[in-house]
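# Structural overview for review
This is what each chain is made of:
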Amino acid sequence: DNHRQMNDMRSPPVDRFGEISPRHAIAMRRCPQARVLELTPLRYLVPQGSRSILDLFSGSGFVSEGLQLRFSRTTLVDCSRHFLDGASSGAVKVHGDATQADVMAQVPKADFAVCHAGFHHILDGNVAGNEQSHLQRRIEVLRLWKQRLTPAGRLIVADVPSAGTVVGSRIGRLGGRSPAAR
């Protein structure tokens, strides 16, 4: 049972992001429990009976490992070989950009997909500063990710708004309701 296993609080997963991001390392020194605490809400959003997880912008698999559930298959997608090399050996590792259809075509379907702290990086690189174009690009990526879910699958995007943009705060309201109301 996933919910019983969620309460099995092992030691927190290794956070390797600080190895290459000085700002992240400083933030983690200031609030060392932040990474563990930010995973807590995700544990309750995993659908009952989920057997597979797709971790998008996975890094070294911090989120999927941190959920502390017993998935029969974990798939990590990240463009950093460094992070994927540091991930759990039992995970399926897909090296590439999770926003590209050819990369995602290699990814097996999953019951549960999560993109944690990576969504704000999705911008339309061809159109600098065009909020509408960035929003459209993010919608395209969400549709691409939805194709990698099983029929009853669930996609969770947990992120912060892009610094200095309105795009990040509007993504959550695409359906006219706040994410909390869904």
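Just so it is clear, the model here is predicted, and its values are computed rather than measured. (Residues numbered from 1 in each chain as written. Predicted model: local features only at pLDDT ≥ 70, side-chain atom pairs only at ≥ 80, totals over all residues. Heavy atoms only, no water.)

Moving on, we come to the confidence of the model for the protein. A low pLDDT means the predicted coordinates there should not be read in detail. Averaged over all residues, the pLDDT of the protein equals 77, while 72% of them reach at least 70. Ranking the elements of the protein by mean pLDDT puts helix H1 (residues 2–6) last, at 34, and helix H6 (residues 101–104) first, at 97. Contacts from residues 1–14, a stretch scored under 50 in pLDDT, to residues over four places away or in other chains number 32 contacts. With pLDDT under 50 throughout, residues 164–182 is counted as low confidence; its partners more than four residues away or in other chains account for 25 contacts. (pLDDT = per-residue confidence, 0-100. Helix = DSSP H or I, 4+ residues; strand = E, 2+ residues; numbered from the N terminus. Contact = heavy atoms within 4.5 Å.)

Our next topic: the nonpolar core. Core analysis: the largest hydrophobic core is formed by 18 residues, its most contacted members being Leu54, Leu56, Val77, Met104 and Trp145. Those elements that provide at least two residues to this core are strand E1 (52–56), H6, strand E4 (110–116) and helix H7 (131–146). In this structure, Leu56 is in contact with Val77, Ala98, Met104, Ala113, Val114, Cys115, His116, Trp145 and Leu155, ignoring residues within four places of it in sequence. (Core = buried A, V, L, I, M, F, W, Y, C linked by side-chain atoms within 4.5 Å. Buried < 20%, exposed > 50% of the residue type's maximum accessible area, 1.4 Å probe, protein only.)

Taken in spatial order, the five strands line up as E3-E2-E1-E4-E5 in an open sheet, and their pairing is parallel. Where the open sheet ends on each side, the last strands, each with one partner, are strand E3 (92–95) and strand E5 (149–158). Pairwise comparison of adjacent strand axes, ignoring direction, gives a mean angle of 15° for this sheet. In this sheet, strand E2 (residues 73–78) lies alongside E1 in parallel orientation, the contact comprising five bridges. Of the residues in E2, the one forming a bridge with Leu56 is Val77. Against the sheet, H7 makes contact with E1, E4 and E5, and its axis sits at roughly 140° relative to E5, the strand it touches most. (Pairing = 2+ DSSP bridges. Axes fitted to C-alpha atoms, helices over the stretch in contact; angles between N-to-C directions.)

Tallying each qualifying case throughout the model produces one salt bridge. Notably, a salt bridge pairs Glu140 with Arg137, separated by 3.5 Å at the nearest N-O pair. Placement of the pair is Glu140 and Arg137 together in helix H7, with a separation of three residues, close to one helical turn. Overall, the relative accessible area of 38% leaves Glu140 in the partly exposed class. (Salt bridge = Lys/Arg side-chain N within 4 Å of Asp/Glu carboxyl O.)

Further remarks concern H7. The end-to-end C-alpha distance of H7, which contains 16 residues, comes to 23 Å, matching closely the 22 Å that a straight helix rising 1.5 Å per residue would cover. Buried within H7 we find Ser133, His134, Leu135, Arg137, Arg138, Ile139, Val141, Leu142, Leu144 and Trp145. (Expected span 1.5 Å × (residues − 1).)

Below, the discussion takes up the packing of aromatic side chains. Summed over all chains, the structure comprises two aromatic pairs. Ring geometry for Phe57 against Trp145: centres 6.2 Å apart, planes inclined by 75°, an arrangement best described as edge-to-face. Placement of the pair is Phe57 in the loop between E1 and helix H4 (62–66) and Trp145 in helix H7, with a sequence separation of 88 residues. For Trp145, a relative accessible area of 0% translates into the label buried. Aromatic rings pair up to connect Phe57, Phe119 and Trp145 into one cluster. (Phe/Tyr/Trp six-rings, centres within 6.5 Å; stacked < 30°, edge-to-face > 60°.)

Tracing the backbone shows Leu84 in helix H5 (residues 81–85). When neighbours within four sequence positions are excluded, Leu84 is seen to be in contact with Ser58, Gly59, Leu76, Asp78, Lys93, Val94 and His95.

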